[in-house]
Amino acid sequence: MTAAGVAPEVGAGSSRSGTVGDADVVVVGGGHNGLICAAYLARAGVDTLLLEARDEVGGCASTVGDLDARFNICSCDHTLVRAMPFMDDLDLAAHGLRYLEADPSTVYMDHDGSPPWLFFNDSERTIESIGRHRPTQAKAYRRYLADARPVAELALEISTGPASTPRMLARVLARRGRGGARLLQWSRASAVDVLRSYFDDEALVMPGISNGPSVWGVPPDAAGTGLAGAAYAMRHMVKTGRPVGGSGALTDALAASFVAAGGRLSCGTPVAGLLGDGQKVTGVRLADGTEVSAEAVVSACDPVVVASQWLPDPERRSARRFVDRARSQAPGEGYQSKIDAVITDIPRYPVLEDSDLLDLFEDRDPAQSNYVISPSMTEVLEAHRLRSLGRVAERPTMMANVPSVLDPSMRSRDGHHVLSLEALFTPYDLEGGWDGSPEPARWLEVWSGLLQPGYLKSIDRYRTMTPDRYERELFLGRGYTPSYAGSPLSSLFGRRRELSRYRAPVPGLFLSGAGTFPGSGIWGAPGRNAADAVLRNLS
């Protein structure tokens, strides 16, 4: 088993380039939200220039080359993005996007070896899986779905169109308030309070924490995290899928759609700041000093960085508040790490193999699914404390998958399978530093303890993506991926309007990306909604 720390090879998106010059709209950031926004603008006839600092598009949704294989930067599973209208609006299937579906999509388990349970697209099959070992929790899950489905439906409806208070209220009224009261109640509560109001077994509570607050980087008992409780229900509404060829197939298709509509794409073009006279943003300044003029600029980057570092000192009082608030915020810090490996054998989990759940897979290989391995609630809370001290918990929250089982095109050049193992919470400022740290090898040891004996010998080669590498290679300050923290209530009434309405309090500047409503993950709603805001402004 050998480890590698070299930078990934340039991927397929790197060959796309366009002339850097003045435009009607400049979009900064070629992640999926920036690409979606740019593609909508180009299709509306707007002269649009998209600037990406890396040599290829995709951001955290990328699939990159390394170790003679292809690896997804983050998760290979896409859910909410598949419910978005831009799939058809931007004709992504015609540009090569095709999804495969694992079912069950997820196996939920813990570090202690208690029986796992399976998440299927179909709720009844999921309930059957839970009932094999936890009949009381199966009944609780049915009661949970009756309450959570209206919440999930309403949350999805609110997020998939232009953000405005009248529109959002109209959505609630059209449903005769169904789900509205509970959505607001859950949005003020903590995730643990919501989940424990239905389940008294941590086997059902902790996966909701792992896929919610833990992925967001916040403690499960934090107020405002309660909508994580709707996640199970939402995933029954929208099937989880994986793009053929890796997560980056989505962003490659978006880039192709954008260019086909006449958009100009320039990779390897970092932006250093915004142009303007204090009253209006008039373009961008590139890292090499080039100035590009535009009627509007859309930033799909961290809005805190944009406000605190890029904006010329604004004159408007509202704009100064926007800048002062950003400058007073502590910088976000990355907390996710990932091991990408080429493996000679598929991992098997004895706790699953020895259970009575294998027949539920029917003719599918259990290794096609994503495995979420949760610690206890006590351990998660302790993990947050240790992270603040620059240390990693003994048993981290983990997500493991072998994408090449479902999608053979993901195999390495020498025909082997590829593994992705994510670990939370891994601090940016690790005690002793990341260079030469024994931590990644320790995570492999912890994970392999759940597998068939001697599995570590199957890891042929691997690389580790830690917060410092995310900073260097994806231009993420301190390895941090921004996340929108506003509740649906605050979004409904337009608080922090620059984040929920995508229009900064400086004329000419618009915001998109994971730091704006409805938030992070492979969703794409911020990109579509920001495009709508720009088009309304230009009309």
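Looking at the pairing of strand E15 (residues 370-374)
- When you tally the buried positions in E15, you get five out of five residues, the bulk of the element.
- In E15, alternate side chains face the same way, and those of Asn370, Val372 and Ser374 on one face and Tyr371 and Ile373 on the other are all buried.
- As defined by bridge partners, strand E7 (residues 106-110) adjoins E15 across five bridges and the pair is classed as parallel. Looking across to E15, one finds that Val107 is bridged to Tyr371.
- Pairing of E15 with strand E16 (residues 397-401) involves three bridges; the strand directions are antiparallel.

Structural notes on the side chain of His111
- Here His111 lies in the loop between E7 and strand E8 (117-119).
- Owing to a relative accessible area of 9%, His111 belongs among the buried residues under this scheme.
- Of note is the side chain of His111, whose polar atom sits 2.8 Å from the backbone oxygen of Pro396.

Concerning the environment of Pro526
- Turning to its location among the elements, Pro526 is positioned in helix H21 (residues 525-538).
- Separated by 45 residues in the primary sequence, Pro526 and Thr481 have C-alpha atoms spaced 15 Å apart.
- Not counting the four nearest positions on each side in its chain, Pro526 is found in contact with Asn33, Tyr502, Ser512, Gly513, Thr516, Phe517, Pro518 and Gly519.

Side note on the confidence of the model for the chain
- In this model, the chain carries a mean pLDDT of 92, and residues with pLDDT of at least 70 account for 92%.
- Across residues 2-16, where pLDDT falls below 50, the model places 45 contacts with residues more than four positions away in sequence or in other chains.

Quick word on the pattern of salt bridges
- Summed over all chains, the structure comprises 31 salt bridges.
- In this structure, Arg478 and Glu333 form a salt bridge, with 2.6 Å as the shortest nitrogen-oxygen distance. Note that Arg478 is positioned in the loop between helix H18 (467-474) and helix H19 (488-492) and Glu333 in the loop between helix H13 (317-328) and strand E14 (336-343), a separation of 145 residues in sequence.
- Given a relative accessible area of 24%, Arg478 falls into the partly exposed group.
- Residue Glu333 is classed as partly exposed on the basis of its relative accessible area, which comes to 27%.

Cut-off values and rules
Residues numbered from 1 in each chain as written. Predicted model: local features only at pLDDT ≥ 70, side-chain atom pairs only at ≥ 80, totals over all residues. Heavy atoms only, no water. Buried < 20%, exposed > 50% of the residue type's maximum accessible area, 1.4 Å probe, protein only. Helix = DSSP H or I, 4+ residues; strand = E, 2+ residues; numbered from the N terminus. Pairing = 2+ DSSP bridges. Polar contact = N/O pair within 3.5 Å; in protein donor to acceptor, adjacent residues only side chain to side chain. Contact = heavy atoms within 4.5 Å. pLDDT = per-residue confidence, 0-100. Salt bridge = Lys/Arg side-chain N within 4 Å of Asp/Glu carboxyl O.

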